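# Tertiary structure, described
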Amino acid sequence: MSLTINDVEKIAKLSRLSLNDTEKNATLEKLNAVFALVEKMQTVNTDGIEPMSHPHEIALRLRDDAVTESDHAAQYQAVAPEVRNRLYIVPQVIED
């Protein structure tokens, strides 16, 4: 697949970009190079190859899931105008 100048102009218009002729030609070359690379990649035989979740087979180092802070909810809610069941109660702003 290759694009034309008309395609680049349409893409530029949809993207609300103002391109001069030099920029249009440069963009056309770059986009066509990307499409050529994609076409080349599609010719590679990948039958029997398992998809990878990451390009490097590494184990993630995870920290222990431990509580490091104490519960300050009572302190924070002590200054609130109204609290019910540990929830802040605010005035209704949308009417039924």
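First, a word on scope: everything that follows refers to the structure included in this document. Residue indices follow the written sequence of each chain, beginning from 1 at its first position. With pLDDT at 70 or above as the cut-off, local features in this predicted model cover only qualifying residues; side-chain atom pairs require 80 or more to be listed or tallied, and sums for whole chains, interfaces and linings still use all residues. Hydrogens and water are ignored here; the side-chain numbers use all heavy atoms of the structure.

## With respect to the packing of helix H1 (residues 5-14) against helix H2 (residues 21-42)
Angular values range over 0 to 180 degrees, each being the angle between N-to-C directions of two axes fitted as lines to C-alpha atoms, with helices fitted over their stretch in contact. Secondary structure elements are taken from DSSP: a helix is a run of H or I of four residues or more, a strand is a run of E of two residues or more, and numbering for both begins at the N terminus. Following both chains from N to C, one finds H1 and H2 inclined at 105 degrees, their axes separated by 9 Å at the closest point. On the basis of the axis angle, H1 is roughly perpendicular to H2. Contacts between H1 and H2 involve Ile 5, Val 8, Glu 9 and Ile 11 from the first element and Lys 24, Asn 25, Thr 27, Leu 28 and Leu 31 from the second. Polarity classes work like this: nonpolar for Ala, Val, Leu, Ile, Met, Phe, Trp, Tyr, Cys and Pro, charged for Asp, Glu, Lys and Arg, and polar for all others, with Gly in that last group. Residues belonging to the contact of H1 with H2 are distributed by class as follows: 5 nonpolar, 2 polar and 2 charged. For classification purposes, angles smaller than 35 degrees are called roughly parallel, those larger than 145 roughly antiparallel, those between 65 and 115 roughly perpendicular, and all remaining angles oblique. The contact criterion used is simple: two residues touch if any of their non-hydrogen atoms lie within 4.5 Å.

## Side note on the pattern of salt bridges
What makes a salt bridge here is a side-chain nitrogen of Lys or Arg within 4 Å of a carboxyl oxygen of Asp or Glu, nothing more. In this structure the tally under the stated criterion is 3 salt bridges. Lys 24 is the salt-bridge partner of Glu 9, the closest N and O atoms lying 3.2 Å from each other. Placement of the pair is Glu 9 in helix H1 and Lys 24 in helix H2, with a sequence separation of 15 residues. Owing to a relative accessible area of 17%, Lys 24 belongs among the buried residues under this scheme. In this structure, Glu 82 and Arg 84 form a salt bridge, with 2.8 Å as the shortest nitrogen-oxygen distance. Residue Glu 82 is classed as partly exposed on the basis of its relative accessible area, which comes to 36%. Three exposure classes are used, based on accessible area relative to the maximum for each residue type with a 1.4 Å probe and protein chains only: buried under 20%, partly exposed in between, and exposed over 50%.

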